[in-house]
Each structure stands twice: as C-alpha cells, then as structure tokens.
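Observations on chain architecture
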Amino acid sequence: MAREFKPQIVTANDLLLGDVIYLTKAGNWSRRHEDAHVAVSADQAQTMLAHASARQDEIVGAYLAEVTLDDSGTPHPVHFREAFRTRGPSNYFHGKQAEV
Amino acid sequence: MYAYDEFDQAFVRERVRQFRGQVEKRLDGSLTEDEFKPLRLMNGLYLQLHAYMLRVAIPYGTLDSRKMRQLAMIAEKWDKGYGHFTTRQNIQFNWPKLKDVPDMLEALADVGMHAIQTSGNCVRNVTADHFAGAAADEIEDPRPTAELIRQWSTDHPEFQFLPRKFKIAITGAPNDRAVTKAHDIGIRMVRSEQGEPGYEIIVGGGLGRSPFIGKVLRDFLPRAHLLPYLEAILQVYNLSGRRDNKFKARIKILVHETGLEEIRDAVEATFERVLEEFEYPSDALISEIASHFEPPEFDNTQTLAFEEAQEADPLLRSFVETNVSQHKNPAYGIVTVSTKPVGGTPGDVTADQMRVIADLAERYGHDEIRISHEQNAVLPHVRKADIPAVHAALREAGLATANIGLVSDIIACPGMDYCALATARSIPIAQEIAERFHALKLEHEIGELKIKISGCINACGHHHVGHIGILGLDKAGVENYQVTLGGDATETMALGERAGPGFAAGELIPALERLVETYLDLRRDRSETFLAAYRRLGAAPFLAALYPEDERHAA
C-alpha cells in the first residue's frame, strides 16, 4: 500500500554562506523555516524539488523534509535533525538562532 | 620543528591558486556542485549541517607558536572566534564562508600549513604520540618517521583514489598513546635483539561500523625498509580492497575477509618488487629529517620551588597530579592543557586561548605545542620550576581544568550539532556528564575513567575504545544512546562490549551515575581503575547497574 503523503518542504544550504535555507512560495530562499512553501502532494513536492535543484548557482543539496502544520498552517520539522537545522548548534548561540 | 622546503611551499601555494580559481568558477556558475564537490573536499572543505567546515591538518599533532597564532587569527577573521581540535589531531573551523576559504588557505600556507588530504580516499593526516620527543618512556621520537610518511604520502599519485580513506598512526613508546591498533596501519618503534632501530607494523585496525583491532603484519621491519613496505601494503590494498561497497572498503575488511597470512604473503611479495624501485633507503631520509626535531637545549637545574609551590597551592597540586606527565628530563614536565572545562565543548579553543597557549609555549616551552587525539593541547617541555607560572596563566585563560584522564576528559565528536553524517548529538551529552560528576564532587575520587562519545556509527569519538563508550543513534526519530563497556585504546586494546538497549537522552546520565557508583562500591581500592575492575568482575554487576529493571523482571 502506498505510504500516506505527509506535508513536505524543500530545504538546502546557501552556496555562499553554507547556512540552512528554505524554498518559499514566491520561489525565493528564506532562512526561516516558517516561510517555507508546503507541498501537500507528492507531485507538488517533486516539482518543487526539481525547481530548487536546478538553481545550483544559489544553493547546495536541496532535499525534501517532512513537516507538521500548526493551526495557522505554519510548518514545523518532524525529525530532530531538521529541528536542529532551524536554529543552529546547541552548544553556542551561533548560526541562525543568533542571526534571525 | 620541521619547516617546509621550497618544494612544499611551491606545492601548497599552487594548490591555493588552483582552488581560488575553482571557487571563482563555482560562484560564477562555470562549475556545478557535482563538479566542485570533489575539488573542495580535496582541499578539506566540507558542507556540514549549518555551514561549511574547513579541516586543517596538523601533521602528527605538532605545531609552534607562530602556527598557533595564525590559527587564532583565522578563527577570528574568518570564523566565529574559535577552532575545534579533533581526534585526528586536526583543527576544524566550523563557520567559514565559501568565498573566504582561498584566503584562509593562503594564510595557512604563510605558516607552512594546509588542508590537503584532510578529506578523500587518500592517506590522511599522519598521527603520532602527542608526547613525542618528551615522554620518559619513549624509545625514540616518532616524528621524523611521521614526517617522512607525510612527505611520501602527500600527493602520492598512486594513492589519491584508494578504495577508502587511509589512516596511519605511529608511536615511539611502548605505552601506546597514539591508538595504533585502531588504524589502517599502526607503527610502533622497536629495537631488534641486536639493538637496531626498526618498526612493528600493525595492519587492519579501525573503529566505525565494523571495529577491528589491528594485527601484527611484521614484528620487526628495519628502518631502511619503511617506505617500500608501506608502499607494498598500500599497493595490495589499492588492488584488492573492495570498491563495491563503501562500508566494506577499508583495509580492516580486506584483512578480515582475506586472512592475515594471505595478506602478509601478498605484501611481502609486493615488497620484494617495490624495494628494487626505491632509490633512497628510508633510514637515510629519516636521519636527514631528524635534524629538524632535535631536542631543545634543556636547563637541567632542579629546584625545590616546584614542590614548595604545590604544597602552598592545592589547585596547583591537583593540576600537577592530573595534567603533568613524566618528562625524559627529570627537571621538566609535560603539561597537558585541557580543552574540557566543565560544561564546555570538548576540543574547542577560542582565539584568545590559542594565543595564551602560543605565548606559554614560546616563553616556557621551547616553542613546542602538540595536539592530542584526546582533543587536548600539550606543552611537551616545561621546566618544573616554570609550571606554577604556566598554571597561573592557564587559570586566567580558563584552561587550567585539572581533569586529564578523569571522567570529564571526554572525547566527543561534533555530533549532530555540526556534522552532516551524525545521527544524534554528542556535545550536550559530554557537557551533562561533566556537569553531573562535577556536582557530585566525585571526579577525583573515581580516578582514571575514559568516556568517549560518538554521534554516529562512524565512531569519530572512538566510543568502541572508551572504558565507557557512548554511541548516539536515531531510534524512530528520537536521539538514543547505546553504551559499551570495557573498551581500551592503549597497547592492551580492547573493544567495548555493547551493554544492552540504548537509553533516551534523559535516562543516560542517571544510568551512568549508577554504573560509576557500582564501580566505587566494588573496587578493591582507589588504585583499581574502572577498567581494571570491569576486567576483574566481568560485565554482570555493571549491567545490573545500568538496567535495574531487568533485575526486577528476572527476580
């Protein structure tokens, strides 16, 4: 039986800085996961990933990450790895948590 | 200290120039990431979880104040003001920007450093005993041999695309501080029955997914034959190592699957052929290199001031007990500078602290510094009379933690706080363990206890050879920590035994506390270490401490 589709977002690393970024609905890259465009079907997710992966002059290593949506429809990462990527390391106030 | 010759300098500068062009091409779109990635990795540049990471080689862990100050400058100018010393005696910068990396490499080249072969399927940074040239138990300084291997392996055309990465470690002392039995090749300096210098060659050790203790390939290899023999081992591995499966590609798998005798026969046959091609015997080259590693002029004056200062200052006494090791010259001590203050990140040193270490090395330590595989810094030659002053300066810089070999002197890989391969975090676990045992005031009571933590199966934190090893895993989307017991990284190497089911992060520290309390209850006396008690008593009482629930169920 086909696995039930769960909402997904496209994430990658910025080419120049290396920091974690998310594909937005407008097709830009945001450092805030809350801004990420959420794919609600497998087809949509693959289309978004293909679009992102073609933009090699901006990013490195785009992939899909599962999210849950809160009442306002804002995406939040499912896996702890993706949760760490939304903020930065736990030993210093460095990375996105310090910059966003 | 060895200084780059003209060839080294020209080679490193050319690589920087090449890489600068490659970065420019990546940024203007002429190179795709698929094309660029192998090029950046050849220059030590990874892309990690939150940022790029530049891994810089510190050959055999040896550097001087000039190099250390340059690392501090790089940390401040292009990173976030600190560097991370690793279990491979490298330093990693965790936050460089791609466009800055060529400038960072240029700055490294200015002081004879680079990031070449810190990644890729090639011979990696050669590691050595961090007390080399200073230790009282040393047969001979291993660094000239390590330098020869560095020169031989750097850009070796035949060994740039091996089946997998290849790690060589060397020790010049019978007490193994270089973990030689957990390397692809481990080299121990020995003497023949006639007193000739030579090497014991160990092959096929390694940690990671399939841990193996290395096996002795040659009891005694004359010094003159070192390079042809290494060349023979690498040729056999390059030809026969598995390339079909990344997880089975290391030489340890080849040795395990083929059998030591067959590998030995292949190496010896290859060696006979290779030997004819080598124009210069290794011993002549080593003797030439050795002039760069001549011991400093020691001041042999012994003074009572050192003993008196310890009597007057309990903090100094405690520091000397744990952080000062026996030097070959009785007027000197080897000072290990802990990078592991309670609650700190193992291996992290700020730019200011790097400068303090550099200043102390220059003023009191014959300008020599080492980085240990246990992620600490070492001042190998400090006059005992100067140790109180060194201790005072280290205290002021937050570098005087008296915990070498104790429960908070933890090896911890960067884990999922930084590493793209990790499956769980390591650093917070190390911090919690250190904080908990500090709060219990038990650290010095417990005595020697090596805890080693890895954030994934690749075992960069050497968990397999920790007296207590901790492996972080992803269990159904939650961080989970598996415990191993009884590992040993020294000449009596043992792989730790998996204790049982893993622990959730919140359960781990109480479990470790029960484990250590059990040891304190069961040990014969204070001289019996955790490892000795484990070997005497077996696993059962320690497993009962870790898993008291099981006991209840069994009752």
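One numbering rule holds for all chains: residues counted from 1, following each sequence as written. Each chain takes a letter, starting from A, and each ligand takes a number, starting from 1, following the order in which they are written. With the structure being a predicted model, the display of local features is reserved for residues of pLDDT at least 70 and the display and counting of side-chain atom pairs for 80 or more, all residues being used for whole-chain, interface and lining totals. With hydrogens and water stripped out, all remaining heavy atoms of the structure feed into the side-chain values.

1. Observations concerning the overall build of chain B
- Every helix listed is a DSSP run of H or I at least four residues long, and every strand listed is a run of E at least two residues long, numbered separately from the N terminus. From N to C terminus, chain B includes 19 helices and 21 strands.
- Each of the three principal axes of chain B carries a C-alpha extent, and together these read 65 × 60 × 60 Å.
- Each residue is placed in one exposure class: buried if its accessible area under a 1.4 Å probe, protein chains only, is under 20% of its type's maximum, exposed if it is over 50%, and partly exposed if it falls in between. Taken over 555 residues, chain B has a buried fraction of 61%.
- Within chain B, contacts between residues separated by at least 24 positions form 68% of all contacts whose residues are at least 6 apart in sequence.
- Put simply, chain B shows about 21300 Å² of open surface, and 50% of that area lies on carbon and sulfur atoms. Pairs of residues are marked as contacts when any of their non-hydrogen atoms sit within 4.5 Å. For the accessible areas, the method is Shrake-Rupley and the probe is 1.4 Å, while residue cover comes only from the protein chains on display.

2. Remarks on the packing of helix α3 (residues 65-78) of chain B against helix α4 (residues 101-110) of chain B
All names here are of chain B.
- Contact geometry of α3 with α4 gives a least axis separation of 9 Å together with a crossing angle of 165°. Classified by the angle between their axes, α3 and α4 sit roughly antiparallel to one another. Both α3 and α4 take part in a crossing whose hand is right-handed. Of the residues in α4, those in contact with Arg66, Gln70, Leu71, Met73, Ile74 and Trp78 of α3 are Asp103, Met104, Ala107, Leu108 and Asp110.
- Here the contact of α3 with α4 is composed, by residue class, of seven nonpolar, one polar and three charged. Lines fitted to the C-alpha atoms define the axes, with helices restricted to the stretch that makes contact. Angles between their N-to-C directions range from 0 to 180 degrees. To sort the angles, those under 35 degrees are grouped as roughly parallel, those over 145 as roughly antiparallel, those from 65 to 115 as roughly perpendicular, and the leftovers as oblique. Crossing handedness is read from the near helix: turned anticlockwise from the far helix by less than a right angle, it gives a left-handed crossing, and turned clockwise, a right-handed one. Classification convention: Asp, Glu, Lys, Arg as charged; Ala, Val, Leu, Ile, Met, Phe, Trp, Tyr, Cys, Pro as nonpolar; all other residues, Gly among them, as polar.

3. Brief notes about a nonpolar patch on the surface
- Residues A:Leu16, A:Leu17 and B:Leu27 make up a contiguous nonpolar surface patch of roughly 190 Å² in combined accessible area.
- Its place among the elements puts A:Leu17 in the loop between β1 (8-14) and β2 (20-23). Surface patches are defined over residues having more than 30% relative accessible area and no salt bridge, joining like charges when they lie within 9 Å and nonpolar side chains (Val, Leu, Ile, Met, Phe, Trp, Tyr) when within 5 Å. When a carboxyl oxygen of Asp or Glu is within 4 Å of a side-chain nitrogen of Lys or Arg, the pair counts as a salt bridge.

4. Quick word on the packing of aromatic side chains
All names here are of chain B.
- A pair of aromatic rings is counted whenever rings of Phe, Tyr or Trp (Trp by its six-membered ring) have centres within 6.5 Å, and the orientation is called stacked for planes under 30 degrees apart, edge-to-face for over 60 and tilted otherwise. Applying the stated criterion across every chain, the model contains 14 aromatic pairs over all chains.
- One aromatic cluster is present, formed by Tyr519, Phe530, Tyr534 and Phe542 through successive ring pairs.
- In this arrangement the basic side chain of lysine 80 is found over the ring face of tryptophan 95, its NZ or CZ atom lying 5.1 Å from the centre.
- The ring of phenylalanine 247 carries the charged tip of arginine 209 above its face, separated from the ring centre by 3.9 Å. Both a distance and an angle decide whether a charge sits over a ring: NZ of Lys or CZ of Arg must be within 6 Å of the ring centre and within 35 degrees of the ring normal.

5. Some details on the layout of surface pockets
Residue and element names in this part refer to chain B.
- A 1.4 Å probe that fits into a set of points on a 1 Å grid over the protein atoms alone but cannot get out defines a cavity; an open set with protein on both sides within 12 Å along at least five of seven lines defines a pocket, and lining residues are those with an atom within 4 Å of a point. Grid points are joined across faces, edges and corners, and a volume is the space filled by probe spheres set on the points. One number sums up the size of the second largest pocket: a volume of about 720 Å³.
- As for the second largest pocket, its lining consists of 31 residues, and the residues nearest its centre are Arg177, Glu374, Glu448, Lys450 and Thr490.
- Those elements that provide at least two residues to the lining of the second largest pocket are α11 (314-323) and β11 (324-326).

6. Points about the pairing of strand β4 (residues 59-69) of chain A
Residues and elements named next belong to chain A.
- For two strands to pair, DSSP has to find at least two bridges joining them. Where β1 meets β4, six bridges bridge the pair, whose relative direction is antiparallel. Counterpart to glutamine 8 in the pairing with β4 is glutamate 66.
- In this structure, the hairpin formed by β4 and strand β5 (residues 75-77) is closed by a connection of five residues, where glycine 73 is found at a positive phi of approximately 85°.

7. Some remarks on helix α14 (residues 427-440) of chain B
All names here are of chain B.
- When the terminal C-alpha atoms of α14 are compared, their 20 Å separation across 14 residues agrees well with the 20 Å that a helix rising 1.5 Å per residue should span.
- Looking at the buried positions of α14, the neighbouring elements they touch are β16 (411-412), α15 (443-446), β17 (451-454), β18 (468-475), β19 (478-485) and α16 (505-522).
- Just past α14, the residue lysine 441 takes up positive phi, approximately 55°. For a helix, the expected span equals 1.5 Å multiplied by the residue count minus one.

8. Description of the sheet that holds β4(A)
- One open sheet holds the five strands; their spatial order is β3-β2-β1-β4-β5 (chain A), and the pairing between them is antiparallel. Two strands bound the open sheet, and with one partner strand each, they are β3 (29-30) and β5 of chain A.

9. Some remarks on a negative patch on the surface
Residues and elements named next belong to chain B.
- Residues Glu158, Glu272, Glu276 and Glu277 make up a contiguous surface patch of negative charge.
- Along the chain, glutamate 272 turns up in helix α8 (residues 260-277).
- Relative accessible area serves as the criterion here: at 48%, glutamate 272 is assigned to the partly exposed category. Asp and Glu are treated as the negative residues and Lys and Arg as the positive ones, with His and the ends of the chain left uncounted. The atoms used to mark charge sites are NZ of Lys, CZ of Arg, CG of Asp and CD of Glu.

10. Brief notes about the interface of chain A and chain B
- Contact with chain A, which involves 25 residues of that partner, is made by 34 residues of chain B.
- Accessible surface is computed with a 1.4 Å probe, and the buried area is the amount of it that two parts give up when combined, taken over both parts together. Contact between chain A and chain B buries roughly 2400 Å² in total, counting both sides, with carbon and sulfur atoms accounting for 60%.
- Counting the surface chain A buries against chain B, the share from its top three residues, A:Leu16, A:Phe80 and A:Phe84, is 23%.
- At the boundary of chain A with chain B, the tally comes to zero salt bridges.
- Distance and chemistry together define a polar contact, namely a pair of N or O atoms within 3.5 Å, with one atom able to donate a hydrogen and the other to accept it when in protein, and with adjacent residues in sequence counting only for side-chain atoms on both sides. Counting the contacts that link chain A with chain B gives eleven residue pairs in polar contact (both at pLDDT 80 or more).
- Contributing elements (two or more residues each) for the side of chain A that touches chain B: β1, β4 and α2 (80-87) of chain A.
- A class-by-class count of the residues in the side of chain A that touches chain B yields ten nonpolar, nine polar and six charged.

11. A few points about the state of the cysteines
- Here, a disulfide means two cysteine sulfur atoms that sit within 2.5 Å of each other. The tally for this structure, following the rule as stated, stands at zero disulfides over all chains.
- As a non-bridged cysteine, B:Cys413 has B:Cys460 as the owner of its nearest cysteine sulfur, 6.1 Å distant.

12. Digging into the confidence of the model for chain A
- As a per-residue measure, pLDDT tells how confident the predictor is, with possible values from 0 to 100. Counting all residues, the mean pLDDT for chain A is 94, and 97% of those residues have values of 70 or more.
- Helix α3 (residues 96-99) of chain A is the least confidently modelled element of chain A, averaging 83 in pLDDT, while β1(A) averages 98, the highest of any element.

13. So, the pairing of strand β7 (residues 168-171) of chain B
Residues and elements named next belong to chain B.
- Burial along β7 is two-sided: the face carrying Ile168 and Ile170 and the face carrying Ala169 and Thr171 are both buried.
- Relative to β7, strand β6 (residues 127-128) runs parallel, the two sharing two bridges. Along β7, the bridge assignment pairs threonine 127 with alanine 169.
- With the strands aimed away from the viewer, a crossover counts as right-handed if its path from the first strand over the helix to the second runs clockwise. Viewed along the sheet, the connection from β6 through helix α5 (residues 143-153) into β7 turns out left-handed.
- Two elements, β7 and strand β8 (residues 185-191), share four bridges in a ladder whose sense is parallel. Of the residues in β8, the one forming a bridge with threonine 171 is arginine 188.

14. Topic: the environment of A:Met48
Residues and elements named next belong to chain A.
- Tracing the backbone shows methionine 48 in helix α1 (residues 42-53).
- Overall, methionine 48 belongs to the buried group, its relative accessible area being 7%.
- Linking methionine 48 and valine 38, residues ten residues apart in sequence, is a C-alpha distance of 9.5 Å.
- Apart from residues lying up to four places away in sequence, methionine 48 is in contact with Val10, Leu23, His37 and Ala39.

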